[in-house]
Number of protein chains: 2
Amino acid sequence: MTKLVKSIREVIELCGLKDGMTVSFHHHLRNGDHVLNLVMAEIAELGLKDIFVNASSLFDVHTPLGEHIKNHVVTGIGADYISAGLGRAISRGIMEKPVEFRTHGGRPADMARGSSPVDVAFVAAPTADPMGNCTGKIGKSACGSLGYAFADAMYAKKVVVITDNLVPYPLEGFSISEDFVDYVVQVDAIGDPKGIVSGTTRITRDPVGLVMAETAARVIDASGLLTDGFSFQTGAGGATLAAAKFLKEIMLKKGVKGSFGLGGITAYLVDMLRAGCFERLLDVQCFDLDAVESLRTDPRHQEISAMHYASPVAKSAAVNSLDVVLLGATEIDCDFNVNVHTDSQGSIMGGSGGHSDTAAGAKLSMIIAPMFRARLPIITDRVTCISTPGKDVDVLVTQGGIAVNPRRADLRDRLLDAGLNVVDIRELKEKTERITGTPRALPRGDRVVAKVISRDGDVLDEIYSIPEMK
Amino acid sequence: MTKLVKSIREVIELCGLKDGMTVSFHHHLRNGDHVLNLVMAEIAELGLKDIFVNASSLFDVHTPLGEHIKNHVVTGIGADYISAGLGRAISRGIMEKPVEFRTHGGRPADMARGSSPVDVAFVAAPTADPMGNCTGKIGKSACGSLGYAFADAMYAKKVVVITDNLVPYPLEGFSISEDFVDYVVQVDAIGDPKGIVSGTTRITRDPVGLVMAETAARVIDASGLLTDGFSFQTGAGGATLAAAKFLKEIMLKKGVKGSFGLGGITAYLVDMLRAGCFERLLDVQCFDLDAVESLRTDPRHQEISAMHYASPVAKSAAVNSLDVVLLGATEIDCDFNVNVHTDSQGSIMGGSGGHSDTAAGAKLSMIIAPMFRARLPIITDRVTCISTPGKDVDVLVTQGGIAVNPRRADLRDRLLDAGLNVVDIRELKEKTERITGTPRALPRGDRVVAKVISRDGDVLDEIYSIPEMK
């Protein structure tokens, strides 16, 4: 018995993929991923139509999907994040059916609920054995954690492992085990190592970003949460990473022994682990090679599945034990609703990822954002798109002041006691508009191009097309 | 949010356990397990009736179940193995409903199929954190692998972790993760370390056993399978362990680099790993402290779930990649059907465990058994109970000759070429009966006390009560 299949084309046929079915992909190879494009090219060659692509995230490397959409090979897309290139095409209306945006926790939850069934999952595996035991920790395309792929392996009817490093059975230290895998295909390269590490995981050097980062660290310090057992997640944006750096300094100075760092893991969290700020890292996705190396070699740094990370239907997820999360925003409104899906023109250039999940789970969810970008204010009356509802957001840190959700009077008092510059979010909005002027209302197109599905499975918001350029 | 509950009684109430429901247990603490008795005592105290107990195995330590059966607290039992103490009571007819025997692979398969639903699973965890991440590798009651408990955690409606070593969140190196766990209860002791290590895992010193063991090793050597990449499982019986010792000598002498050792892992397999006979050990259950220590410290020694080990509904299981398994028998008939459920009086004293699973999966499944025990011949016309069907058994090794299943003429030829003493199984039976005399037909009672359910989910055989002593 072997599961080895000679080609991607052959495995698609063996899986019985037919018009109208759903295929799934995970995004640990990020902008270096070859697998989605290889598979979709074969699906197109085979003449299949009306395929739904359920990807944990889509990057600019996946722009060839645009062609498959035009040719009606792909007529449905589900993703937790879509980067600007493909996002712009979607916002201009290339899809007939709205894209389904989910969160990193909502995606496996909807698979578990049965509301998002997958016919064939393709797992890009940096190392695998011929029976499908696989890992991301080793191999020339090593990406570290395969966290998001566990749900695909568990819930898809057919599971195909695609690898460029086939090793003898049984693989040591497997992440996904053979009992979930139907077929294994060996290819020359599952990805381009240069693209697997994201360019976004560098610390900011922008003075405004550094001011916000330092303020964010002071907010955490003042929150009452920075005691032994502290747990923390930060996004991979420059200012949030800088905040981690300032936080580390405070923790070391105060001798705070934290419990765990969570999430997409970067070199900065690895550094905090090694410095003794944390006892553990729980890793659903590695953002850089330091994180990959740490996951491979340090037993305190542990891979977790997307369900373990953030699923709202799990018996519990790590986000439920999280003290503080630092998150970004493209817009935030006076009700603290946050948009991370669209840019200032209303064009898709992101998605929730774990934004909503961690905001819902953490004791303190903090948005770090400048008052304005390119002279456009961040604070609006109503965000273009609700990515994360305001009820789950505690505080906004800008260079011009800290706005606390009225729901969190306790937190506001603590920050005031610490001498921090707490301002009302409406005042902050007005202060910003005195600099930038009041922006014109964003014109929007007449079609819904995407639905934002909350982690609970309901439609949270809709994203409209952007109007034709005149 | 915490999952910590003060007592077993409270957790039973929180889980909503009601009359007629099913509870499940795993057996990694073997004859040292306290958890099943603690839980069942509370269930009895609470006045619940008509409970079905689904345990991966039951040992003599679980004899208090007899009282619960008499009191109608327990009216159904499912297990993969039941040792002689409780087995005798069942064979005498204390249960109204027949016991359901499954295999270690069939048990999780029936949970996955939905034909064996569990309401509340109790996981005995040597170490756990307050959210339910748990492991068997560390703690005063360390048992190593928790392999059989994974299915319970995945498929039960409610999952309770019971531990005597609660550590801060998040536990490093968890086996079962919090996303499957509803509640955690801390108790003084989940088991008695002395009973966790089985007394059966000692090598035989019996001269007949040693002859059979050496012959078994020679059969493997002659089988054509003993080449680089060789994989192997052996039971924990004295003669099969001795065979492993002889096999090791042959492998080292010939320089054979094996692939993996599988199964319930003993010190003997750990020794073979360290000696270079194998690259890996895949461990669903540790039989002794050397195995526990190796699993904890040697990354080549890896825990696997029962599904990964042996489930027939898994996409594949490790047993499918197995070259040779050595197994025992209380009876074998001329069609090579094997009984490991009942003793010479027809009384329950065992069960398939992984017997049927490995026999079905391995390229060579070998039974090692003496021609007779206590003057009762092993080879019969028809076994009292079919535990493993003859189609899955390749060869029988006794001290009086080697019988090859006629289905395996290729193997017979190889053994003859190697100068081994191959005999027809009927001749072996006659030869035995010339020594022992022809035994009287076993009188059997008139009630079915157990059903043997094959790994495919069908009823393979039935076990009858033993008649009243006159």
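Thresholds, definitions, all that
- The numbering scheme is per chain: residues are counted from 1 as the chain's sequence reads.
- To label them, take the chains in the order written and letter them from A, then take the ligands in the order written and number them from 1.
- pLDDT decides what is reported in this predicted model: residues at 70 or higher carry local features, side-chain atom pairs at 80 or more are listed and counted, and totals for whole chains, interfaces and linings draw on all residues regardless.
- To obtain the side-chain values, all non-hydrogen atoms of the structure were included, while hydrogens and water were left out.
- Two strands qualify as a pair provided that DSSP identifies no fewer than 2 bridges between them.
- Put simply, DSSP marks the helices as runs of H or I at least four residues long and the strands as runs of E at least two long, and each gets a number from the N terminus on.
- Between N-to-C directions, angles span 0 to 180 degrees; the directions come from axes that are lines fitted to C-alpha atoms, helices contributing only their stretch in contact.
- Contacts between residues were defined by any pair of non-hydrogen atoms, one from each residue, lying within 4.5 Å.
- We place the copies in one frame by least squares, fitting the C-alpha atoms of every residue whose pLDDT is at least 70 in both.
- Think of it in three bands: with a 1.4 Å probe and only protein chains considered, a residue is buried below 20% of the maximum accessible area for its type, exposed above 50%, and partly exposed in between.
- Directions pointing from the helix axis toward each C-beta atom define the arc.
- Every angle not falling under 35 degrees, over 145, or within 65 to 115 is termed oblique; those three ranges are roughly parallel, roughly antiparallel and roughly perpendicular.
- Gly counts as polar in this scheme, as do all residues outside two lists: the nonpolar Ala, Val, Leu, Ile, Met, Phe, Trp, Tyr, Cys and Pro, and the charged Asp, Glu, Lys and Arg.
- The term salt bridge refers to a side-chain nitrogen of Lys or Arg lying within 4 Å of a carboxyl oxygen of Asp or Glu.
- Every residue is assigned a pLDDT by the predictor, reflecting its confidence on a scale from 0 to 100.

## Notes on the sheet that holds strand β11 (residues 231–234) of chain A
All names here are of chain A. Across the sheet, which stays open at both edges, the eight strands sit in the order β14-β13-β12-β11-β15-β18-β22-β23 with mixed pairing between neighbours. At either margin of the open sheet sits one strand with a lone partner, and together these are β14 (301–303) and β23 (401–404). Within the sheet, the average angular offset between the axes of one strand and its neighbour, ignoring direction, is 20 degrees. Here helix α10 (residues 267–274) sits on the sheet and contacts β11, β12 (260–265), β13 (280–286) and β14; the angle it forms with β12, its principal contact strand, is near 160 degrees. The strands touched by helix α11 (residues 289–297) within the sheet are β12, β13 and β14, with β14 carrying the most contacts at an inclination of about 90 degrees.

## Examining the relation of the copies chain A and chain B
The operation relating chain A to chain B is a screw motion whose rotation component is 180 degrees, with 0.0 Å of axial translation and a residual RMSD of 0.0 Å. Considering both components of the superposition, the chain copies are consistent with a two-fold axis. A symmetric contact is evident, with 100% of the interface residues of chain A recurring at the interface of chain B.

## Quick look at unusual backbone geometry
All names here are of chain A. Residue proline 170 is reached from tyrosine 169 by a cis peptide bond, and omega for that bond is -10 degrees. Looking at the element boundaries, proline 170 is found in the loop between β9 (158–163) and β10 (183–186). Unusually for a residue other than glycine, arginine 30 sits at a positive phi of about 45 degrees. Here arginine 30 is to be found in the loop between β2 (22–25) and α2 (35–45). If you check the backbone angles, phenylalanine 336 has positive phi at about 70 degrees while not being a glycine. Relative to the helices and strands, phenylalanine 336 is located in the loop between β16 (331–333) and β17 (338–339).

## Things to note about helix α5 (residues 106–113) of chain A
All names here are of chain A. Of all eight residues in α5, six are buried, a share of seventy percent or more. Those residues of α5 not exposed but buried are Gly106, Arg107, Pro108, Ala109, Asp110 and Met111. Glycine 114 lies just past α5 and shows a positive phi near 90 degrees.

## Some words on helix α4 (residues 84–91) of chain B
All names here are of chain B. Those residues of α4 not exposed but buried are Leu86, Gly87, Ile90 and Ser91. For α4, the angular spread of the buried residues around the axis is 140 degrees, confining them to a single face. With its phi angle positive at about 100 degrees, glycine 93 sits one or two positions after the end of α4.

## Some remarks on the pairing of strand β22 (residues 395–398) of chain A
All names here are of chain A. Neither face of β22 is open: one carries Val395 and Val397, the other Leu396 and Thr398, and all of them are buried. Bridge count between strand β18 (residues 364–368) and β22: three bridges; the pairing is parallel. Each residue of the ladder has a partner; that of methionine 366, found in β22, is valine 395. Alignment of β22 against β23, held across four bridges, turns out to be antiparallel. Bridge assignment links threonine 398 to a residue of β23, and that residue is glycine 401.

## Points about the packing of helix α10 (residues 267–274) of chain B against helix α11 (residues 289–297) of chain B
The relative placement of two packed helices is expressed as an angle between their axes plus a distance between the axes. Residue and element names in this part refer to chain B. Orientation of α10 relative to α11, taken along the N-to-C sense of each, is 45 degrees, at an axis distance of 7 Å. Overall, the two elements α10 and α11 adopt an arrangement that is oblique. Two secondary-structure elements touch here, α10 through Ala267, Val270, Leu273 and Arg274 and α11 through Asp290, Ala291 and Ser294. Taken together, the residues of the contact of α10 with α11 break down into four nonpolar, one polar and two charged.

## Regarding the pattern of salt bridges
Under the counting rule described, the total for this entry stands at 52 salt bridges over all chains. Residues glutamate 100 of chain B and arginine 102 of chain B are paired through a salt bridge, measuring 3.0 Å at the closest nitrogen-oxygen approach. The class of glutamate 100 of chain B is partly exposed, set by a relative accessible area of 24%. Of the charged contacts, one joins lysine 391 of chain B and aspartate 392 of chain B as a salt bridge, the two residues approaching to 3.2 Å between their closest N and O atoms. By relative accessible area, lysine 391 of chain B is classed as exposed at 56%. Residues participating in the shared-partner salt-bridge network are Glu100, Arg102, Asp110 and Arg113 of chain A.

## Considering the confidence of the model for chain A
Looking at chain A as a whole, the pLDDT averages 96, with 99% of positions reaching at least 70. Both scores are available for the predicted complex, with the pTM at 0.96 and the ipTM at 0.96.

## Thoughts on the pairing of β18 of chain A
Residue and element names in this part refer to chain A. Burial of β18 is extensive: five of the five residues sit out of reach of the surface. Along β18, one buried face is formed by Leu364, Met366 and Ile368 and the opposite face, lined by Ser365 and Ile367, is buried too. In terms of strand pairing, strand β15 (residues 324–327) meets β18 through four bridges, oriented parallel. Across the sheet, leucine 327 pairs through a bridge with isoleucine 367, a residue of β18.

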